[in-house]
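Observations on the model geometry
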Amino acid sequence: MTLTLLPLTDGAFFIDNSGLERLRCPRAFQYSELNRRSAIAERAGANFGSTIHRGLETRYNNVGTNEVDDLTKVKIEADMLAWLSENPQPENDFRNYNHACKMMAVYNNIYKKEEFEILKNQAGKPIIEATFALPFGEIPATESLYVNQGTDDLVPIIYCGKIDLGIEDHNGIWSFDHKTSFQFGDTFDKQMAMDGGQLGYCWALSQVTGKKPQGYIIDAIRVRRPSKKDEFSEKSCIDGTDFKRTPYYVSQDMLDEWKADVLALIQNIFAYHAAGHFPRHRWNCTNKYGMCDYYDVCSCPREQRDMILNGSLFEENTWTKGLKI
Ligand code: SF4
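Note that this is a predicted model, so its numbers are computed, not measured. (Residues numbered from 1 in each chain as written. Predicted model: local features only at pLDDT ≥ 70, side-chain atom pairs only at ≥ 80, totals over all residues. Heavy atoms only, no water.)

Points about the packing of aromatic side chains
Put simply, the test is: Ring geometry is summarised as follows: Phe, Tyr and Trp rings, the Trp one being its six-membered ring, pair when their centres sit within 6.5 Å, and such pairs are stacked at plane angles under 30 degrees, edge-to-face over 60 and tilted between the two. Secondary structure follows DSSP: runs of H or I at least 4 residues long count as helices, runs of E at least 2 residues long count as strands, and numbering of each begins at the N terminus. Residue exposure (1.4 Å probe, protein chains only): buried if accessible area is under 20% of the type maximum, exposed if over 50%, otherwise partly exposed.
According to the stated counting rule, one finds 18 aromatic pairs in the structure shown. Here phenylalanine 136 and tryptophan 258 contribute two aromatic rings whose centre-to-centre distance is 5.4 Å and whose plane-to-plane angle is 75 degrees, an arrangement assigned as edge-to-face. In this pair, phenylalanine 136 is assigned in strand S4 (residues 128–140) and tryptophan 258 in helix H10 (residues 252–275), connecting sequence segments 122 residues apart. Given the relative accessible area of 6%, tryptophan 258 is considered buried.

Quick word on the environment of lysine 75
Rules: Here, residues are in contact when the closest pair of their heavy atoms is within 4.5 Å.
Note on placement: lysine 75 falls in helix H4 (residues 70–86). Considering only alpha carbons, one finds lysine 75 and aspartate 153, 78 residues apart in sequence, at a separation of 50 Å. The contacts of lysine 75, once residues within four sequence positions are left out, are Thr58 and Asn62.

Notes on the site of the ligand
The test is simple: The criterion for a residue being near a molecule or strand is simple. One of its heavy atoms has to lie within 4 Å of it. For this classification, the nonpolar set comprises Ala, Val, Leu, Ile, Met, Phe, Trp, Tyr, Cys and Pro, the charged set comprises Asp, Glu, Lys and Arg, and every other residue, Gly included, is treated as polar.
Neighbouring residues of the ligand: Cys25, Ala28, Arg280, His281, Asn284, Cys285, Cys292, Tyr294, Tyr295 and Cys298. Looking at the shell around the ligand residue by residue, the classes come out as seven nonpolar, two polar and one charged.

Some details on the nonpolar core
Short version of the rule: For the purposes of this section, nonpolar cores are sets of buried Ala, Val, Leu, Ile, Met, Phe, Trp, Tyr and Cys residues that join through side-chain atoms within 4.5 Å.
Ranked by internal contacts, the top residues of the largest apolar core, which has 43 residues, are Phe13, Ile15 and Phe270. Residue assignment for this core shows that the elements contributing at least two residues are strand S1 (13–15), helix H2 (26–34), S4, strand S5 (154–169), helix H7 (186–193), helix H8 (196–209), strand S7 (215–222) and H10. In contact with isoleucine 15, not counting residues within four places along its chain, are Leu20, Phe29, Ile157, Ile158, Tyr159, Cys160, Ile266 and Ile269. The next biggest cluster of nonpolar side chains, apart from the first, holds 29 residues, and it includes Ile52, Val68, Trp174 and Phe243.

Quick look at the packing of helix H3 (residues 44–63) against helix H5 (residues 97–110)
For the record, the criterion: Angles run from 0 to 180 degrees between N-to-C directions of axes, and those axes are lines fitted to C-alpha atoms, restricted for helices to the stretch in contact. Oblique is the label for any angle not covered by the other classes, which are roughly parallel (under 35 degrees), roughly antiparallel (over 145) and roughly perpendicular (65 to 115). In this scheme, a crossing is called left-handed if the near helix is turned counterclockwise away from the far one by less than a right angle; it is called right-handed if the turn is clockwise.
Between H3 and H5, the shortest axis-to-axis distance is 10 Å and the interhelical angle comes to 45 degrees. Relative to H5, the element H3 lies oblique. Our pair here, H3 against H5, has a crossing hand that is right-handed. Contacts between H3 and H5 involve Phe48, Thr51, Ile52, Gly55, Leu56, Arg59 and Tyr60 from the first element and His99, Ala100, Met103, Met104, Tyr107 and Asn108 from the second. Taken together, the residues of the contact of H3 with H5 sort by class into eight nonpolar, four polar and one charged.

A short note on the environment of glutamate 115
For glutamate 115, the location among the structural elements is in the loop between H5 and strand S3 (117–118). Between the alpha carbons of glutamate 115 and leucine 8 there is a distance of 42 Å; along the sequence they are 107 residues apart.

Thoughts on a negative patch on the surface
Using the following cut-off: Within this analysis, patches are made of residues with over 30% relative accessible area and no salt bridge. Like charges are joined at 9 Å or less; nonpolar side chains (Val, Leu, Ile, Met, Phe, Trp, Tyr) at 5 Å or less. Each accessible area value is a Shrake-Rupley result obtained with a 1.4 Å probe; residue values ignore everything except the protein chains displayed when judging cover. Any carboxyl oxygen of Asp or Glu within 4 Å of a side-chain nitrogen of Lys or Arg constitutes a salt bridge here. Lys and Arg are tallied as positive, Asp and Glu as negative. Neither His nor the chain termini are counted. Note that the charge is assigned to NZ on lysines, CZ on arginines, CG on aspartates and CD on glutamates.
On the surface, Asp253, Asp256, Glu257 and Asp261 cluster together into a negatively charged patch. Along the chain, the position of aspartate 253 falls in helix H10.

What about H3?
Inclusion rule: Take the number of residues in a helix, subtract one, and multiply by 1.5 Å to get its expected span.
Taking 1.5 Å per residue, 20 residues should reach 28 Å; H3 reaches 29 Å between its end C-alpha atoms and fits that length. Looking one or two residues beyond H3, the residue adopting positive phi is glycine 64, at roughly 60 degrees.

Points about the side chain of threonine 72
Selection criterion: We define a polar contact as two N or O atoms separated by no more than 3.5 Å, with the added condition that, inside protein, one atom must be a possible hydrogen donor and the other a possible acceptor, whereas residues neighbouring each other in sequence contribute only through side-chain atom pairs.
Looking at the secondary structure, you find threonine 72 in helix H4. Of the polar contacts made by the side chain of threonine 72, one reaches the side chain of aspartate 69; its length is 2.6 Å. In this view, threonine 72 contacts Thr58, Arg59, Asn62 and Val63; residues no more than four positions away in its chain are not counted.

Focus on the confidence of the model for the protein chain
When pLDDT drops low, the exact placement of atoms in the prediction is not to be read closely. As a reminder, the rule being used: Each residue carries a pLDDT score, the predictor's confidence in it, ranging from 0 to 100.
Confidence in the prediction of the protein chain, expressed as mean pLDDT, is 91, and 93% of residues score 70 or more. Scored below 50 in pLDDT, residues 321–325 makes 21 contacts in the model with residues more than four places away or belonging to other chains.

Description of the side chain of serine 206
You can see serine 206 is positioned in helix H8. Of the residues examined, serine 206 reaches a relative accessible area of 14% and is grouped as buried. With residues near it in sequence (within four places) discarded, serine 206 still touches Lys211, Lys212 and Pro213.

Thoughts on unusual backbone geometry
Residues other than glycine seldom take positive phi values, yet arginine 36 does so here, at roughly 55 degrees. When you line up the elements, arginine 36 lands in the loop between H2 and strand S2 (37–39).

Set out below in structure tokens:
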């Protein structure tokens, strides 16, 4: 497979958390970020998560930290419906509009009046689903980038993404991240404790506010499949056990180490690109929660992979990088 040029914008390399996550296997990074292809199947979970994000964005934009009123409830549901109309779920999937409305109703009932303030950026805008693109450092260009893509000797790196909510409570400021999951438990908690993306949001928040955050709070929402019994019951299949908020404290040293790690990983991307080969790290092809999105590509002979990747199982990866808050 011929490598495309490394994606640069005005000579700068943009990276976000989803690109960094793909680096668990460099080949997955290539397919996602260079070939710009993403799998069509298995998106229902992520799409439902995006639906809930729309609902939460509407809630915090409309009532801030106050209790949700009837008008806002209508707006929340309308915004989720608009999202799902543009991004429909597979037919018969339980994670549909009705389920989203039920989840938001229970969430708003549990978290009525919030015990925090929503932070504002330097332009006075509340930090709610706030996109950012922030200068992150510079990395020496490889000869290939310099010669073939006309970069300067040093390539500027821009870290981008979206902060769900920036908040302040009696302990200080926090990145507040809504996270949908199909299960809670020790593994989920440990994943959240080691989630590099959360350190990225803390770093971004420190740049935007000029203050070091205490850390991040995971606003976890469990999305359970209703049981057969629930389907015929008047009782909601969603209850208080499906919601929990956990703070994770972050030191300056953790942020510094995360930043050094990310720069080293980007240097690896440049090196793979210069070598014309993004290797396959095969230990993520299958895992506890399913197969890698690119399993069907990698399991084919090399000469067929272009065809599979450009075929009907995949579509253009249209995920856009963030804009400055
Ligand atoms: S299937 Fe395996 S080798 Fe291929 S991109 Fe995914 S993790 Fe990498």
